[in-house]
Number of protein chains: 2
Amino acid sequence: MPDTEPEASIETEPEASIETEPEASIDMESWVCPLPLRDAPAIVTGHGGGGAMSGELVEHLFLPAFGSAAEAGLADSAVVEIGGARLAFSTDSFVVKPMVFPGGTIGDLAVNGTVNDLAMAGAVPAVLSTAFILEEGTALDQLARVAQAVGTAALAAGVKLVTGDTKVVASGHGDGVYINTTGIGLVDPRVDIRPQRAAPGDVVIVSGDLGVHGIAVLSCREGLEFATSVASDTAPLHGLVAAMVETGADIHTLRDPTRGGLAATLNEIARAAGVGVSIADTALPIPQEVRDACSMLGLDPLYVANEGKLVAFVPAADADEVLAAMHAHPLGARSAVIGTCVPDHPGMVVAKTALGGNRVVDLPIGEQLPRIC
Amino acid sequence: MPDTEPEASIETEPEASIETEPEASIDMESWVCPLPLRDAPAIVTGHGGGGAMSGELVEHLFLPAFGSAAEAGLADSAVVEIGGARLAFSTDSFVVKPMVFPGGTIGDLAVNGTVNDLAMAGAVPAVLSTAFILEEGTALDQLARVAQAVGTAALAAGVKLVTGDTKVVASGHGDGVYINTTGIGLVDPRVDIRPQRAAPGDVVIVSGDLGVHGIAVLSCREGLEFATSVASDTAPLHGLVAAMVETGADIHTLRDPTRGGLAATLNEIARAAGVGVSIADTALPIPQEVRDACSMLGLDPLYVANEGKLVAFVPAADADEVLAAMHAHPLGARSAVIGTCVPDHPGMVVAKTALGGNRVVDLPIGEQLPRIC
């Protein structure tokens, strides 16, 4: 750690180099919805999907509107220096439906989701805030179950819940319980982990089975129930990250493939770093039950959300050691190398199919699975 | 500032000494809604009002459910030490209806509200996160106006928007735009400002006219429109606080009287510090238009929300100097002494009436004005 400075020294380390305008300067009188916000003059479900439409909303609406007040491209997490401490800072709202699903609840998800965003910057999560938006008429025992899940998950992750907020909205303006969690973590001084550092030659590793969270939530959604033994993988990943960092490897990039699944995550990294990503379909750890459910529902497992998995981009020389450390951790026991980072097709993800062909794995446009987290 | 320590050192300074149970331990099988959560087995509007019912929800549901993961009584803001830096951390969700009102929008409110919660701990606000929950069908130009208000307010307050999140919920499960902002500020090493420090003998000062935000919002609420020139006082108060701190006074307590108004804020401070508060009705700066609107609506101005005012508890010896510094600041020009902190009636707020009598100013129970912030 560097020495502290006596004054408030705040520096942000941009996660993405999106240029901002010099000041907040939308002229609302003449404002026309900028292309490519599609034809819709209004918010549609796809704007919340974590895919191309979400990205367009940030790039073409939020960033111009925020002007020079915005930094760091409004990424999943920011690394900022305040009072001499190098901190990761991340926020997420959770609107998953239903609130209770096989393997977890909105409460676990809210804690683990923010813990994981901090961990993906190489930070040790320290404190969380919790802000609840409650719908009038929500049963107190249902709220208590959710709140207890928050407490239990926070204890398990070793983070303290230090401040909170509760708002109530009328029936018909919410959906039981929405939770925002925002967290602060202390960034390990040995690491520099961000999407921009992904480099040709890196080995791409995932920490286990893909697609289970999304399928678990869908399996109990009203009107869509189906029988499966798949349970959500929601889990805090900072312990796994710590084990990986302990190897001394220069880990370039970490990301948890949540909304939009592995496909969205790999595309984001490819674009942020200006590299290509090449994966092998046959190397992807996708459980048969997830494959079956996806066939039935017409989904591609690469686009299904995970809540307890990470993707790592690691220099080839360090890959064996990192993989061994992951295998030795309970949350990484089924880790697998799924591909490599390449100099070809920058910004694109290409999968080698089982038959030996190649297919482009696109960034999803909208939302395959609404309200999955 | 103290020297940094090489390891992650995290200490919280509890804002309220509410005891937590050793672990998250609600037995849901036998869970019975604990009194005094009234008779309602479900969330009602009053649980979001910032009064007694909000407090009961925190004390009897959230804190037992969170167990030992919760610290600091889940107050409006927490002061935590991370990596050697002493940080204020605060979260708020904003659900104000309508989103645009005389003098402001949900966007200004979302920035200034969190900036002010940090400022009330004596912190210089540094960074904010913004998390939007958008209702399907919300017009993009309406969202752009709100987002621009966020950017403009952040620029004005000197805080950076460094990370964000967007979720979309179906029509009928939101109300246009809900915004959560969470902020980090660096606490001035010279100060120790918290409700528990309010002490008998302290002079109680408010920084200007009371009740204007709530009346401004109500004046344009659907079904309730009335003519008034009152505009919201939404403003960032950290500059005013800095001017007060610069005097060298040992400011004991600062609070912004938002939901529940001055009455809720003074009651919270009286209870946290175990002191009495005595105010004079004739000393309260309440504009005639607020009085008129309150008469018409059957409201008590002491319970109406403010979004750009603070209440300060200052040792008598420092009061003149602090008041002079406040008067010299644009946001404190109409500051006034409204009472004193007393050893009598601990935990209670008593107002001397214009006719020479005394009345108890109770903590509001539920919500006089729903969705005011």
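Residues numbered from 1 in each chain as written. Chains lettered and ligands numbered in written order. Predicted model: local features only at pLDDT ≥ 70, side-chain atom pairs only at ≥ 80, totals over all residues. Heavy atoms only, no water.

An unreviewed UniProt entry annotates chain A as Hydrogenase expression/formation protein HypE of Mycolicibacterium gilvum. According to its UniProt record, chain A has this under Sequence similarities (unreviewed entry): "Belongs to the HypE family." (UniProt positions renumbered as here; feature names shortened; annotations may be inferred.)

A. Main features of the overall build of chain A. Of the regular secondary structure elements, chain A holds 8 helices and 15 strands. Counting across all 373 residues of chain A, residues that qualify as buried make up 64%. Of the contacts formed within chain A by residues at least 6 apart in sequence, a portion of 83% connects residues at least 24 apart. When the accessible surface of chain A is summed, it comes to about 12700 Å², and 53% of that surface belongs to carbon and sulfur atoms. (Helix = DSSP H or I, 4+ residues; strand = E, 2+ residues; numbered from the N terminus. Buried < 20%, exposed > 50% of the residue type's maximum accessible area, 1.4 Å probe, protein only. Contact = heavy atoms within 4.5 Å. Areas by Shrake-Rupley, 256 points an atom, 1.4 Å probe, with all protein chains shown as cover.)

B. Quick look at the sheet that holds strand β15 (residues 358-360) of chain A. Residues and elements named next belong to chain A. One open sheet holds the 7 strands; their spatial order is β10-β12-β9-β13-β11-β14-β15, and the pairing between them is mixed. Two strands close off the open sheet at either side, each with one partner strand: β10 (253-255) and β15. Averaged over all neighbouring strand pairs, the angle between strand axes comes to 25°, with direction disregarded. Bridge count for strand β14 (residues 349-352) against β15 is 3 bridges, and the pairing is antiparallel. Counterpart to lysine 352 in the pairing with β15 is asparagine 358. (Pairing = 2+ DSSP bridges. Axes fitted to C-alpha atoms, helices over the stretch in contact; angles between N-to-C directions.)

C. Fine view of the sheet that holds strand β9 (residues 203-206) of chain B. Residues and elements named next belong to chain B. What the 7 strands build is an open sheet, ordered β10-β12-β9-β13-β11-β14-β15; its pairing is mixed. For this open sheet the edge positions go to β10 (253-255) and β15 (358-360), each flanked by a neighbour on one side alone. Across the sheet, the axes of successive neighbouring strands diverge by a mean angle of 25°, strand direction being ignored. The pairing of strand β11 (residues 276-280) with strand β13 (residues 336-342) spans 4 bridges and is classified as antiparallel. Opposite glycine 276, over in β13, you have valine 342 as the bridge partner. Against the sheet, helix α6 (residues 261-273) touches β9, β10, β11, β12 (311-314), β13 and β14 (349-352), its axis set at about 30° to β12.

D. Expanded view of helix α3 (residues 140-157) of chain B. Under the 1.5 Å per step criterion, the end-to-end length of α3 of chain B is 25 Å for 18 residues, consistent within 8% with the ideal 26 Å. Regarding α3 of chain B, the residues found buried are Leu140, Leu143, Ala144, Val146, Ala147, Gln148, Ala149, Val150, Gly151, Ala153, Ala154 and Ala157 of chain B. (Expected span 1.5 Å × (residues − 1).)

E. Broad picture of α6 of chain B. All names here are of chain B. Compared with an ideal rise of 1.5 Å per residue, which puts 13 residues at 18 Å, α6 spans 19 Å between its outermost C-alpha atoms and is within 8% of the ideal. Among the residues of α6, Gly261, Leu262, Ala263, Ala264, Thr265, Leu266, Asn267, Ile269 and Ala270 are the ones counted as buried. Each element contacted by the buried residues of α6 is listed here: β9, β10, β11, β12, β13 and β14.

F. Region of interest: the packing of aromatic side chains. Under the defined criterion, the tally for this structure stands at 6 aromatic pairs over all chains. Seen in terms of ring centroids, phenylalanine 62 of chain A and phenylalanine 66 of chain A are 5.7 Å apart; in terms of plane orientation they differ by 45°. Their pairing is tilted. One end of the pair, phenylalanine 62 of chain A, and the other, phenylalanine 66 of chain A, are both in helix α1 (residues 52-66), 4 residues apart, so they sit about a helical turn from each other. Here the two residues phenylalanine 62 of chain A and phenylalanine 66 of chain A agree in accessibility, since each one is buried. What links up through ring pairs into an aromatic cluster is the set Phe62 and Phe66 of chain A together with Phe132 of chain B. In this structure, lysine 167 of chain A is placed above the aromatic ring of phenylalanine 94 of chain B, and the distance from its NZ or CZ to the ring centre is 5.6 Å. (Phe/Tyr/Trp six-rings, centres within 6.5 Å; stacked < 30°, edge-to-face > 60°. Lys NZ or Arg CZ within 6 Å of the ring centre and 35° of its normal.)

G. Representation of the pattern of salt bridges within the structure. All names here are of chain A. All told, the structure shown has 30 salt bridges over all chains when counted by the stated rule. Lysine 309 is the partner of aspartate 233 in a salt bridge, and the nearest nitrogen-oxygen pair spans 2.9 Å. Of this pair, aspartate 233 sits in the loop between α4 (212-219) and α5 (238-246) while lysine 309 sits in the loop between α7 (288-297) and β12 (311-314), and the two are 76 residues apart along the sequence. Classification of lysine 309 as buried rests on a relative accessible area of 10%. (Salt bridge = Lys/Arg side-chain N within 4 Å of Asp/Glu carboxyl O.)

H. Region of interest: the packing of helix α4 (residues 212-219) of chain B against helix α7 (residues 288-297) of chain B. Residues and elements named next belong to chain B. Where α4 meets α7, the axes come as close as 10 Å, and the angle between the chain directions of the two elements is 55°. Classed by the angle they form, the pair α4 and α7 counts as oblique. Both α4 and α7 take part in a crossing whose hand is left-handed. The residues of α7 that touch α4, namely those facing Val212, Ile215 and Leu218, are Val290, Ala293, Cys294 and Leu297. Here the contact of α4 with α7 is built from residues that sort into 7 nonpolar, no polar and no charged. (Parallel < 35°, antiparallel > 145°, perpendicular 65-115°, else oblique. Left-handed = near helix turned anticlockwise from the far one by under 90°. Nonpolar A, V, L, I, M, F, W, Y, C, P; charged D, E, K, R; others polar.)

I. Spatial organisation of the packing of α1 of chain A against α3 of chain B. Viewed as axis vectors pointing N to C, α1 of chain A and α3 of chain B meet at an angle of 45°, and their least axial separation amounts to 7 Å. Judged on the interaxial angle alone, α3 of chain B and α1 of chain A are oblique. Read as a crossing pair, α1 of chain A and α3 of chain B show a hand that is right-handed. Seen from α1 of chain A, the contacting residues are Leu57, Leu61, Phe62, Ala65 and Phe66 of chain A; seen from α3 of chain B, they are Leu140, Leu143, Ala144, Ala147, Gln148, Val150 and Gly151 of chain B.

J. Representation of the side chain of aspartate 256 of chain A within the structure. Structurally, aspartate 256 of chain A can be placed in the loop between β10 and α6 (261-273). In this structure aspartate 256 of chain A is buried but unpaired, with arginine 255 of chain A as the nearest side chain of opposite charge at 5.7 Å. (Lys, Arg positive; Asp, Glu negative; His and termini not counted.)

K. Seen up close, unusual backbone geometry. At the junction of lysine 97 of chain A and proline 98 of chain A, the peptide bond is cis and its omega measures out at 0° in the coordinates. By the element assignment, proline 98 of chain A lies in the loop between β3 (85-94) and β4 (100-101). Although it is not a glycine, histidine 345 of chain A adopts a positive phi angle of roughly 30°. Look at histidine 345 of chain A and you get partly exposed, because its relative accessible area is 26%. A positive phi is found at arginine 371 of chain B, a non-glycine position, where the angle reads about 50°.

L. The pairing of strand β8 (residues 177-187) of chain B, seen in detail. All names here are of chain B. β8 sits mainly inside the fold: 11 of its 11 residues count as buried. Burial along β8 is two-sided: the residues Val177, Ile179, Thr181, Gly183, Gly185 and Val187 and Tyr178, Asn180, Thr182, Ile184 and Leu186 are all buried. Where strand β3 (residues 85-94) lies against β8, 8 bridges are found, and the strand directions are antiparallel. Across the sheet, residue phenylalanine 94 finds its bridge partner in β8, namely isoleucine 179.

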